Amino acid sequence: MAKGAPKDPEQLLLELPIKEALAEEDFLPSKSNEEAVSWIGNWPNWNGGHCLILYGPTGCGKTHLCHVWQKMTGAQVIKLDQLQSFDFTSNENFLIIIEDVLENLENQQSQENLLHLYNWVMEHGGYLLLTSIEHPKKWSIDLADLSSRLLAANAVKIKEPDDELLKAVIVKQFADRQVKISEKVLKYIMKNTERSFSAIRDLVADVDEISLIEKKKITSAIVKRALGEKVEK
């Protein structure tokens, strides 16, 4: 939690899950993600390839686009560390999504499992959608066969947000929490926050927590406290 937020142990919040809107109509298109959006929309015409890697900073919309593609295709979402026990016979359309590939990729067994999956998907004419915070050329891969395959895949970057997208992301993050903010508060956040998806996500969580604990409407003063600043009196 950011500096300045209340820490009264007697005031406890019920941690209800935040329902993030992940439908296609909830996605926020902009210049920073238009290429990635185009690739998802153009499936299965992925420039002659069967593997697409979406990469970019945390919170930039990779998961949202994966949900859109899953709804379009019926793809199966699995985790890299689940491949060891993955039942290949259970998947009939050979469409697979693996997010945050870098989390377990340094493990030799994980690399071998991913190579096996890649080959299996390609052999059956399927498609593989991977996400990461880094371009595959920066992944630490010891397995030469896997490295060559991933470097040959289509890799599309989602960039940091421009002003219009940043505003929309702020509004959406609050809306996911059933909160509506004023134009004044929005302008204050735009002027003072770090301009990244992850920073916005953390700030919204801190602001909402302060507001709920103190049972107060969200104001610029609360945002200022969440940012670790002192409220002018």
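Let me sum up the structure you'll find in this document. What you see is a predicted model; the values in this text were computed from it and never measured. (Residues numbered from 1 in each chain as written. Predicted model: local features only at pLDDT ≥ 70, side-chain atom pairs only at ≥ 80, totals over all residues. Heavy atoms only, no water.)

**Points about the nonpolar core**
Formally: Nine residue types can take part in a nonpolar core, namely buried Ala, Val, Leu, Ile, Met, Phe, Trp, Tyr and Cys, and a core is a set of them joined through side-chain atoms within 4.5 Å. Note on classification: 1.4 Å probe, protein chains only; a residue is buried when its accessible area is under 20% of the maximum for its type, exposed when over 50%, partly exposed between these limits. Contacts are assigned to residue pairs that have any heavy atoms within 4.5 Å of one another.
Of all hydrophobic cores here, the largest spans 39 residues; its most connected members are Trp69, Ile170 and Ile189. For Ile170, the contacting residues outside a window of four places in its chain are Ile181, Leu186, Ile189, Met190 and Ile200. Counting 26 residues, the second-largest nonpolar core is a separate cluster that includes Phe88, Ile98, Leu115 and Val121.

**Considering the pairing of strand β5 (residues 154-157)**
The criterion, for reference: Under the DSSP-based scheme used, a helix requires at least four consecutive residues in state H or I and a strand at least two consecutive residues in state E, with every element numbered from the N terminus. Paired strands, as defined in this entry, are two strands with at least two bridges between them according to DSSP.
The alternating pattern of β5 places Asn154 and Val156 on a buried face, while none of Ala155 and Lys157, on the opposite face, is buried. Relative to β5, strand β1 (residues 51-55) runs parallel, the two sharing 4 bridges. In the strand pairing of β5, Tyr55 is matched with Lys157.

**With respect to the side chain of Gln173**
With respect to the secondary-structure elements, Gln173 resides in helix α5 (residues 163-175). Assessed through its relative accessible area of 14%, Gln173 is described here as buried. Every residue in contact with Gln173, bar those within four places of it in the chain, is listed here: Ile200, Arg201 and Val204.

**Quick look at the sheet that holds strand β4 (residues 127-132)**
A sheet is described by the order of its strands in space; here 5 strands give the open sequence β2-β3-β4-β1-β5, paired in parallel fashion. The two strands at the open ends of the sheet, each matched to only one other strand, are β2 (76-77) and β5.

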